[in-house]
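For reference, the chains in residue letters:
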Amino acid sequence: MKSTGVVRRIDDLGRIVIPKEIRRSLRIHDGESMEIFVDNELIALKKYSSLDELISMSGLLVEAINNEIKKDVFITDMDKVIAYSGKEKKKYISNTISSDLVQIINERMNIKCNNKNIELIDGLKYNSNFVVYPIIANGDASGSVVVLSDDLEISDEDEKIVKFVADFLGKHIEQ
């Protein structure tokens, strides 16, 4: 673990302020939950993702969908791709999602487009067909389910599958 050189005092209520530059670089936003870990004298903070517990199930879901519809499928939390099935797994898995996709998720938008340019993953522009559904749990946006294809159009059936999976994951998080 590397030191930032930043030292902060604990206030009367036990709070510590995380500097704005660190919050910005780690994409930590106001109101986000942080998970606290303790190891001997070390205290570590990690952005909490309710989808972290669903990574193995998400992996199975995207594999099953990809086998059925023959299109790339991925599931994200609010920061990164947590499950992917398709042609270029290494290109997607654990990569940071774009601000465009974060905005789609935060605005709870369902989007289906054919032949449109979009940046879903930071630094990767696509001219492709895609459908995006946000995962909503307890009224909060938690992530998204995305189907992406360069050559095959997104069908109404593909859209129904994506919606079903997003709804399923949202309900599962609520449990």
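Residues numbered from 1 in each chain as written. Predicted model: local features only at pLDDT ≥ 70, side-chain atom pairs only at ≥ 80, totals over all residues. Heavy atoms only, no water.

**Student:** I keep staring at helix H5 (residues 156–174) and nothing clicks. Help me out?
**Tutor:** Structurally, the α-helix is built with 3.6 residues per turn, so residues lying three or four positions apart point the same way. Spanning 19 residues, H5 covers 27 Å between terminal C-alpha atoms, matching the ideal 27 Å at 1.5 Å per step. Along H5, the residues classified as buried are Asp-158, Val-162, Val-165, Ala-166, Leu-169, Gly-170 and Ile-173. Along H5, the residues classed as buried sweep out an arc of 130 degrees about the axis, all on the same side. Facing away from the buried side of H5, by more than 90 degrees, are the exposed residues Glu-157, Lys-160, Phe-164 and Lys-171. On the buried face of H5, the contacting elements are helix H2 (55–69), strand S3 (72–76), strand S6 (124–137) and strand S7 (140–149). (Helix = DSSP H or I, 4+ residues; strand = E, 2+ residues; numbered from the N terminus. Expected span 1.5 Å × (residues − 1). Buried < 20%, exposed > 50% of the residue type's maximum accessible area, 1.4 Å probe, protein only. Arc of directions from axis to C-beta. Contact = heavy atoms within 4.5 Å.)

**Student:** How should the packing of aromatic side chains be read in this particular structure?
**Tutor:** When we look at a pair of aromatic rings, we describe it by the centre distance and by the angle of the planes. Within the structure shown, the criterion is met by four aromatic pairs. Ring centres 6.3 Å apart and planes at 35 degrees place the aromatic pair Phe-74 and Tyr-84 in the tilted group. With Phe-74 in strand S3 and Tyr-84 in strand S4 (residues 81–85), the pair connects residues that are 10 residues apart, well separated along the chain. Looking at Tyr-84, the relative accessible area reads 2%, which means it is buried. When the ring of Phe-74 is compared with that of Tyr-92, the centres are 5.7 Å apart and the planes differ by 25 degrees; the resulting orientation is stacked. You can see Phe-74 sitting in strand S3 and its partner Tyr-92 sitting in helix H3 (residues 89–92), a full 18 residues away along the chain. Here Phe-74 and Tyr-92 have matching classes, each one buried. (Phe/Tyr/Trp six-rings, centres within 6.5 Å; stacked < 30°, edge-to-face > 60°.)

**Student:** What's the story with the pattern of salt bridges in this structure? I'm lost.
**Tutor:** Think of it this way: side chains of opposite charge can pair up when their charged atoms draw near. If you walk through the whole model with that rule in mind, you get eight salt bridges. Salt-bridge contacts for Glu-159 lead to Lys-112; the nearest nitrogen and oxygen are separated by 3.8 Å. A residue pair is termed long-range when its members are at least 10 positions apart, and Glu-159 in helix H5 and Lys-112 in strand S5 (residues 111–121) qualify at 47 residues. Residue Lys-163 is joined to Asp-167 by a salt bridge in which the shortest nitrogen-to-oxygen separation is 2.8 Å. Linking Lys-163 with Asp-167, this pair stays in helix H5, spanning four residues, or about one helical turn. Under the relative-accessibility criterion, Lys-163 is labelled partly exposed at 37%. (Salt bridge = Lys/Arg side-chain N within 4 Å of Asp/Glu carboxyl O.)

Purely geometric numbers; function is a separate question.
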